[in-house]
Amino acid sequence: MNNFIADASSKQRVLSILVEDKPGVLSRIAGLFSGRGFNIDSLCVAASNDPGESRITIVTPADHHLIEQIKKQLRKLINVIKVQDLSEIPAVAREMALIKVQAKAEHRAEILRIVDIFRCKVVDVSAGHYTIEVTGNQGKIEALLELFRPMGIKEIARTGIAALSREAAKTNGRH
Amino acid sequence: MKMLESEGVDTIFGYPGGVVIDIFDELEKTDIRHILVRHEQGAVHMADAYARTSGKVGVVLVTSGPGATNTVTGIASAYLDSVPIVVFTGQVPTHLIGNDAFQEVDIVGITRPCTKHNYLVKSTGDLAYIIREAFYLARSGRPGPVLVDLPKDVSIGTATFKEPPREIKMRTYNPTIDPNPKMLSKTIDALLEAKRPMIFAGGGVISAGASEDLTTLARRLKIPVTTTLMGLGSFPGSDSLSLGMIGMHGTYRANMATADADIMLAVGVRFDDRVTGKVETFANQAKIIHVDIDPTSIRKNVPVWLPIVGDCKKTLEGLNALLENREIVSSVETRKPWLKQIEDWKNAKRLAYEQKDIIKPQYVVERLYALTKGQAIISTEVGQNQMWAAQYYLFDRPNQFVTSGGLGVMGYGLPAAIGAKAANPDRIVVDIAGDGSIQMNIQELATAVQHNLPVKVVILNNGYLGMVRQWQQLFYGKRYCQTTMDFQPDFVKLAEAYGAVGLRATRPDEVDAVLEAGLAETKPVIMDFKVEREECVYPMVPAGKAITEMLLT
């Protein structure tokens, strides 16, 4: 009890937060997490289909007690329209990553084979490296990184998870 | 200005500055009273106490930069104590924002975690609606401070005034007021079946105006009531069912009863660590029914058997209504042993002190209680003075005790007394202070004198930062590091220098005379009581211990 700091055994939760697109909203949410000792594993923000609204997807490690408190605290923020816990309902989650891999001559064929198997795309090529675009769930991206690691990964940019519930969710009112 | 008048604002606490000159210029043309403070922190505490003792929203108006940052402590205190205030800060013109302009600070950023909500107004046309929304947010749901930042070009700009509707609806904010009826009947069943029930009431009962409903419920069912520091006055302190305050400096009977209770009806409380002590042991025999308007309070710190989200008043009214059709005599009968047990605890360990040659601080508070017939509005600073005030002044009415409970702001009491006096000119208002705390906002004595707000300050002067010294005595081998006030001003002369009255008592037999003279005075008064230097506040639960593990002497 009274332990807001997520411990290592906490499971990852995916929260989908619909917010009013007003200045400072992201700061209110990020500030809530840091101020109360909640963790953010990944954060993804972009406009939603409704002008004036944005959707934020946050992955946070939390046990049952902690996630209840996180959701309540988020709902308490005035600019938050709706908070959904996508770990509790059917949902799809995807992440995109751009991976810059060292492409020595002896590795190029192998890299392209992996790209093919994982259905990725090579989006940039230079003398020394390939930049590869991959989309999928976190497991797929982790697996891909594992395969590329021996060849030398120079840089990675990951978007963090974006997720939506599978049901046709109502967008007005609080959940 | 029209919006402020339309919100029923009659008093503003403030301090002018470059970017708000125009607002003050307009303010002069209205009937709104402006109380010019000496430091912006004082203005916020005044508005806080004004709000608590008047039932209105407190209003503050200050300038940008340092004017704004000086309000932060006051805002944070109001936030933790859930007090409805609206703070207007000036801001540099919009085209200079982000430019490190003179007296520019991102006050919206700074106060984001300690306001219920805040606004940077970008256009004059938005102003009326934002003001309406700010007052609505401040007073509704769980009340709290709201800050409105006004860039100079926005405040001097003109726009066609169109009054927003009085009742506003916000899509993203809709606090749950009405409790779930099923939960109410379950609560009544539990209370009637309980053998050792208790009610645990907090500041939420007071801010919801539910004290009478609580008192009715407790008296009908003969359930003893303990309160938090913030809940003092929500149930009459002199009632035989009153257990007094709970927690670190709670009464023996309140803390013992908490450990033994089988049902705890917790209303408008948040289970603060100063209340629960070691949280795993808190009320661990009890099924806890928790009523609060803020869902985040529920199950934040303790497991709850029955959560009720709703307004405390609506909930208690609902419970009282349900009792109408219930047979309660036998239930009350089964509780006799429990009440007897509580009576035994009460007699075993009363709050006590021994008055010998040197004035005891508790004696001063007890005499103050007697001489004001328990009717004064009491504000406090923070520390031992606050705890002795809470223990020895019995509060029978809500909003009679005004203290910085959550944030614990030293320097709160004097400005709070001034704010309470501004709202209640006919009431006696006393700040119970320590010699350390009083010096944190002593400049507001000038405000009291200038605006003819004759507050009384009782300094329990022990020449120490007494509460920290007490911890050092008990847990740090009496190493009084930096808690000795080796030098202090002559408080009598200081009062006189401000145009107030200064009085002093150094012997127990002078206490009554000084209090009587001070209370009779028509000007602001400082009464300096030289008290026993190393007196401690008891009972005391050491940090991290169960609340039944009290040090009693």
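What you are looking at is a predicted structure, and each value in this text was computed from that prediction instead of being measured.

With that settled, consider the overall build of chain B. Scanning chain B from terminus to terminus reveals 23 helices and 18 strands. Across its three principal axes, chain B shows a C-alpha extent of roughly 70 × 60 × 40 Å. The buried share of chain B, taken over its 553 residues, is 55%. A fraction of 76% describes how many contacts in chain B between residues 6 or more apart in sequence connect residues 24 or more apart.

Of the residues lining the interface, 18 residues belong to chain B; the matching set on chain A comes to 17 residues. The class makeup of the residues in the side of chain B that touches chain A is eight nonpolar, five polar and five charged.

On to the domain arrangement of chain A. All names here are of chain A. Split into domains, chain A comes out as domain 1 (11–89) and domain 2 (93–162). Distance from the C-alpha centre of domain 1 to the C-alpha centre of domain 2: 29 Å. Counting residues at the interface gives seven residues for domain 1 and five residues for domain 2. Those elements giving two or more residues to the side of domain 1 that touches domain 2 turn out to be strand S2 (42–47) and strand S3 (53–62). Per-element tally for the side of domain 1 that touches domain 2: the top contributor is S2, with three residues. Looking at the side of domain 1 that touches domain 2, its residues break down into five nonpolar, two polar and no charged.

Next up on the list: the domain arrangement of chain B. Residue and element names in this part refer to chain B. For chain B, the assigned domains are domain 1 (2–156), domain 2 (181–348) and domain 3 (361–530). Relative placement of domain 2 and domain 3: their C-alpha centres are 31 Å apart. Taken residue by residue, the interface counts 13 residues in domain 2 and 13 residues in domain 3. Each residue belonging to the side of domain 2 that touches domain 3 can be placed in one class, and the counts come to six nonpolar, seven polar and no charged.

This part is about unusual backbone geometry. All names here are of chain B. That bond from Tyr538 to Pro539 is cis: its omega, -5°, falls within 30 degrees of zero. Looking at where Pro539 falls in the secondary structure, it is placed in the segment after strand S18 (525–530). Backbone geometry places Lys222, a non-glycine residue, at a positive phi of 55°. Residue Lys222 is classed as partly exposed on the basis of its 17 C-beta neighbours within 10 Å. Its identity is not glycine, yet Ala283 carries a phi of approximately 45°, on the positive side.

Residues and elements named next belong to chain A. Strands sit in the order S2-S3-S1-S4 across an open sheet of four strands; the sheet is antiparallel. The open sheet is flanked by S2 and strand S4 (80–85), the only strands paired with a single partner. Geometrically, the sheet is characterised by an average inter-axis angle of 15° between neighbouring strands, direction not taken into account. Where S2 and S3 come together, six bridges link them in antiparallel fashion. Across the sheet, residue Val45 finds its bridge partner in S3, namely Ile56. Helix-sheet contacts for helix H2 (residues 64–76) involve strand S1 (11–20), S3 and S4, and the interaxial angle to S4 is about 165°.

Note that Pro181 of chain B resides in helix H9 (residues 181–193). Residue classification places Pro181 of chain B among the exposed positions, given that 10 C-beta atoms sit within 10 Å.

So, on to the sheet that holds strand S16 (residues 456–461) of chain B. Pairing between the strands of a sheet is mediated by backbone hydrogen bonds and can be parallel or antiparallel. Residues and elements named next belong to chain B. Spatially, the six strands line up as an open sheet ordered S14-S13-S15-S16-S18-S17, and their pairing is parallel. A strand with exactly one partner marks an edge of an open sheet, and here the two such strands are strand S14 (401–402) and strand S17 (501–505). Both S16 and S18 contribute to a ladder of six bridges, which runs parallel. Directly across from Ile459, in S18, lies its bridge partner Asp528. Along the sheet face, helix H19 (residues 413–423) touches strand S13 (377–380), S14, strand S15 (429–434) and S16 and points at about 175° away from the line of S15.

Rules behind the numbers
Residues numbered from 1 in each chain as written. Chains lettered and ligands numbered in written order. Predicted model: local features only at pLDDT ≥ 70, side-chain atom pairs only at ≥ 80, totals over all residues. Helix = DSSP H or I, 4+ residues; strand = E, 2+ residues; numbered from the N terminus. Buried ≥ 20, exposed ≤ 12 C-beta atoms within 10 Å, placed from the backbone. Contact = placed C-beta atoms within 7 Å. Nonpolar A, V, L, I, M, F, W, Y, C, P; charged D, E, K, R; others polar. Domains from an automatic or database assignment. Pairing = 2+ DSSP bridges. Axes fitted to C-alpha atoms, helices over the stretch in contact; angles between N-to-C directions.

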